[in-house]
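Chain and residue survey
Now for the letters of each chain:
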Amino acid sequence: LQDGTRAGVGDEVVFSLVRSQRSGKLVARKVRQKRRTGWVDSIRGSFGFVRAHASERSYFFHLSEVVDGVTDLRTGDEVSFALSVSARTKERNATAVQRTAMAPPAAAASKLPPLPVRKSTEVGAGVIRQAKGPDGTRGFARFRARLAPPAEDELQAGAPAEAAAD
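What this report covers is the structure whose coordinates are included nearby. Keep in mind that this is a model prediction, so the values were computed, not measured.

**Quick word on the side chain of Ser84**
- Within the element layout of this structure, Ser84 appears in strand β6 (residues 78–85).
- On the basis of relative accessibility, which here comes to 14%, the residue Ser84 falls in the buried class.
- Of note is the side chain of Ser84, whose polar atom sits 3.4 Å from the side chain of Thr95.

**Focus: the environment of Lys90**
- Take Lys90: it is sitting in the loop between β6 and β7 (92–101).
- Residue Lys90 is classed as exposed on the basis of its relative accessible area, which comes to 61%.

**Overview of unusual backbone geometry**
- For Lys30, which is not glycine, the phi torsion reads 55° and is therefore positive.
- Summarising the element assignment, Lys30 is placed in strand β2 (residues 26–33).
- A residue is classified by how much of its surface remains accessible, and Lys30, at 60% relative accessible area, is exposed.
- Phi is positive for Ala96, which is not a glycine, with a value near 50°.
- Residue position: Ala96 is located in strand β7.

**A look at the pairing of strand β4 (residues 47–52)**
- Residues Gly48, Val50 and Ala52 line the buried face of β4, whereas the alternating positions Phe47, Phe49 and Arg51 sit on a face that is not buried.
- Pairing geometry for strand β3 (residues 35–44) and β4, over 6 bridges, is antiparallel. Residue Ser42 lies in a different strand from β4, and its bridge partner there is Phe49.
- Between β3 and β4, which follow one another and run antiparallel, lie 2 residues, and Gly45 among them has a positive phi close to 70°.
- For β4 and strand β5 (residues 58–62), the ladder comprises 5 bridges, and the chain directions are antiparallel.

Cut-off values and rules
Per chain, residues are indexed from 1 in the order of the written sequence. For a predicted model such as this one, the threshold for reporting local features is a pLDDT of at least 70, and the threshold for listing and counting side-chain atom pairs is 80 or more; totals across whole chains, interfaces and linings nevertheless cover every residue. Heavy atoms from the whole structure form the basis of all side-chain values; hydrogens and water molecules are not counted. Where helices and strands are cited, they refer to DSSP runs of H or I of at least four residues and of E of at least two residues respectively, numbered from the N terminus. When a residue's accessible area, from a 1.4 Å probe over protein chains only, is under 20% of the maximum for its type it is buried; when over 50% it is exposed; and in between it is partly exposed. Pairs of N or O atoms within 3.5 Å make up the polar contacts considered here, provided that, within protein, one atom can donate a hydrogen while the other can accept it, and that residues adjacent in sequence are counted only when both atoms are side-chain atoms. Between any two strands, at least two bridges found by DSSP are needed for them to pair.

Encoded structure:
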């Protein structure tokens, strides 16, 4: 490619067609990856997801793919990126992610759920959130009973206590 990188099978590129003076055949010149625009949808540790403006689809990216030495990429930042097919997963990933505009500070905070407010004089003032399961249910019970090991007389008898009472 024009910038020295290599295109893989399935990568989208943009190029100019010119006729070769030597052979008279059409050849591709000024080949580069097609750039898209979007915003950072989420960041989780060393990877994140960008959402494309045109397709409203999210694409995975690794923070090592962020260019221009940007280390403080945040949710809501406007970015441009190229798409490449991952050799491992065979899915399209965002590569050469470049920040074009920083998100306003309120944009990142607006996606968070509101926190419950307690008076600082209350005992145990702090934030407690109920865990949610993957299906949106309330998640874990607040207090879970632990199963006690069976009593020794139950182990020796080999029968449940109700059956022995009959």
